[in-house]
Amino acid sequence: MKVFIACLGTETNTFSSMPTGMRTFEDTMLFHGNATRHPASAFSLPLHVWRTAAEQRQGQVVESLAAFAQPAGLTVRKVYEGFRDEILRDLRAALPVDIVLLSMHGAMTAEGYEDCEGDLLACVREIVGPDVPVGGELDLHCSLTPKMVENADALVIFKEYPHIDVGERAAELFDICLAAHQGEARPVMAIHDCRMVGMWRTPVEPMRSLVAEMQAAEGRDGILSISFAHGFPWQDVPGTTAKILVVTDGDADLAARTAQAFGQKIWDLRGKTGQDTATIDEALDLVEAGPGPVVLADIADNAGGGAPSDSTFLLARALERGITGLLSGYYWDPVAVRFCDEAGVGATLRIRVGGKCGPDSGWPVDLTVTVNRILKSASQSFGNATMGMGTAVWLSSDAGIDLIVNSARTQVFHPDGMTQLGINPAGYKGIAVKSTQHFYAGFAPIASRIVYVACNGAIPPDFATIPYKRFTAPYWPRVEIPHED
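What you see is a predicted model, and the numbers here were worked out from it, not measured in a lab.

**As for the packing of helix α3 (residues 77-94) against helix α4 (residues 116-128)**
As a packed pair, α3 and α4 sit with axes 10 Å apart at the nearest point and diverge in direction by 25°. For the element pair α3 / α4, the angle class is roughly parallel. The two elements α3 and α4 cross, and the hand of that crossing is right-handed. On α4, the residues touching Tyr80, Arg84, Ile87, Leu88, Leu91 and Arg92 of α3 are Cys116, Asp119, Leu120, Cys123, Val124, Ile127 and Val128. For the contact of α3 with α4, the residue count by class is ten nonpolar, no polar and three charged.

Shown next as structure tokens:
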């Protein structure tokens, strides 16, 4: 058995003015055939899982490109085409192969390519023909398209948000494609469009129970896999709505019925699954009232959604109000990092923080700070993987607010990104994290409460007013009943 594995992806915020080019991939993850020789990141973890599973069965693994970029705007055309063609060249050179497994995102758009995953899968299918199982693992915030489904035998999507089940879903996909290769299963897929745009938090009810119900149905009556694709609201493409995807063993009608049934469950929960948000002042009132630490999620400046991660709206208001005992980060500010690095630990200096990427970032904030710690090659945990932060710097300001600035744009995933600097997050009255939901698993155990803050920013949470142009279909919550009769 010969298994071909590769990774290519990013999450494209088509409203973002930041291009996704070669440098962004290099700064995030880029390996040419040897990702599994390096520690697993969230993006390369599926390749590690697939290699181990194949080799345990005495299979041969051919590993190609592993490229993933921190979310931003459109991927540069020549960059996407170059990466795609590298995978295709490696695949042709590896022929014949028995299984193809691809780690992708599902919401990648490049100049001239609205559906990069569909394009890649179609090219792979053309090379290997109809009889070789082709599988893809997708991020939960994918925009499923007919082209993806038509050219894959099985697609499996993360079930959890935060994405703590990347490895488990990779193993699930491997098992389905292996069964197809061995003639023990004939996977077929069906999609139900929920006609909804939103955000669903799986650690809390009612989504917690719905995910459990999806998992309980798998393995029964020919159902191989059930996925809820939440969609990515800030990717302006025709397929951006949330969808249910079901894979069954040879029963297309069962797949369609099951997808429709779970889609109805999602619809029936509308209004109960969204995240309540607070204004900046409401959130800061809670910090002042205590007890701490109150975790404030700056959801509109999440690098994982294509935002700059340098907005100052919450910070500026906290300074205006004289809030103290607040820890805020991570601010993507390579200029500030460089100044602090040159000044050294213990230095006190006047620096300008944040507000550098445009109107969605707010105005820069000037502070007098003391450099407490500088850590080169900083990192943080994300599930079973490790995510780089670049150089991270812990600053204490004379205003009583501590900041973390870093050189590699990333959202906040875990408190260990702070503790590695010598910080005790639990000792603060408030912790402001630039993240939408991935922080939750790590910070919930130390938080007195978690507040989602509706700041200004690049990914505002008002789903009814996102200024779509390419996506024109009716959807909830913009339309109360968007379904066809």
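Moving on from the model shown.
**Looking at the nonpolar core**
In this structure, Leu8, Val100 and Leu155 are the most contacted members of the largest nonpolar core, which totals 92 residues. Once residues lying within four places of it in the same chain are set aside, the contact partners of Val100 are Phe4, Leu91, Val124, Val128, Val132, Pro133, Val134 and Gly135.

**Notes on the sheet that holds strand β1 (residues 2-9)**
Taken in spatial order, the six strands of this open sheet run β2-β3-β1-β4-β5-β6, and their pairing is mixed. Whereas interior strands pair on both sides, the edge strands pair on one side only; in this sheet they are β2 (29-32) and β6 (154-157). With strand direction ignored, the average angle separating the axes of adjacent strands in the sheet is 20°. Pairing geometry for β1 and strand β3 (residues 60-68), over seven bridges, is parallel. Its bridge partner lying in β3, Cys7 is registered against Ala66. Packing of α4 onto the sheet brings it into contact with β1, β4 (99-103), β5 (134-138) and β6, and relative to β4 it is tilted by some 170°. Running over the sheet, helix α6 (residues 166-181) touches β4, β5 and β6 and is turned about 165° from β5.

Here is what the cut-offs are and how they apply
Residues numbered from 1 in each chain as written. Predicted model: local features only at pLDDT ≥ 70, side-chain atom pairs only at ≥ 80, totals over all residues. Heavy atoms only, no water. Axes fitted to C-alpha atoms, helices over the stretch in contact; angles between N-to-C directions. Helix = DSSP H or I, 4+ residues; strand = E, 2+ residues; numbered from the N terminus. Parallel < 35°, antiparallel > 145°, perpendicular 65-115°, else oblique. Left-handed = near helix turned anticlockwise from the far one by under 90°. Contact = heavy atoms within 4.5 Å. Nonpolar A, V, L, I, M, F, W, Y, C, P; charged D, E, K, R; others polar. Core = buried A, V, L, I, M, F, W, Y, C linked by side-chain atoms within 4.5 Å. Buried < 20%, exposed > 50% of the residue type's maximum accessible area, 1.4 Å probe, protein only. Pairing = 2+ DSSP bridges.

Function-wise, these values are silent; they only describe arrangement.
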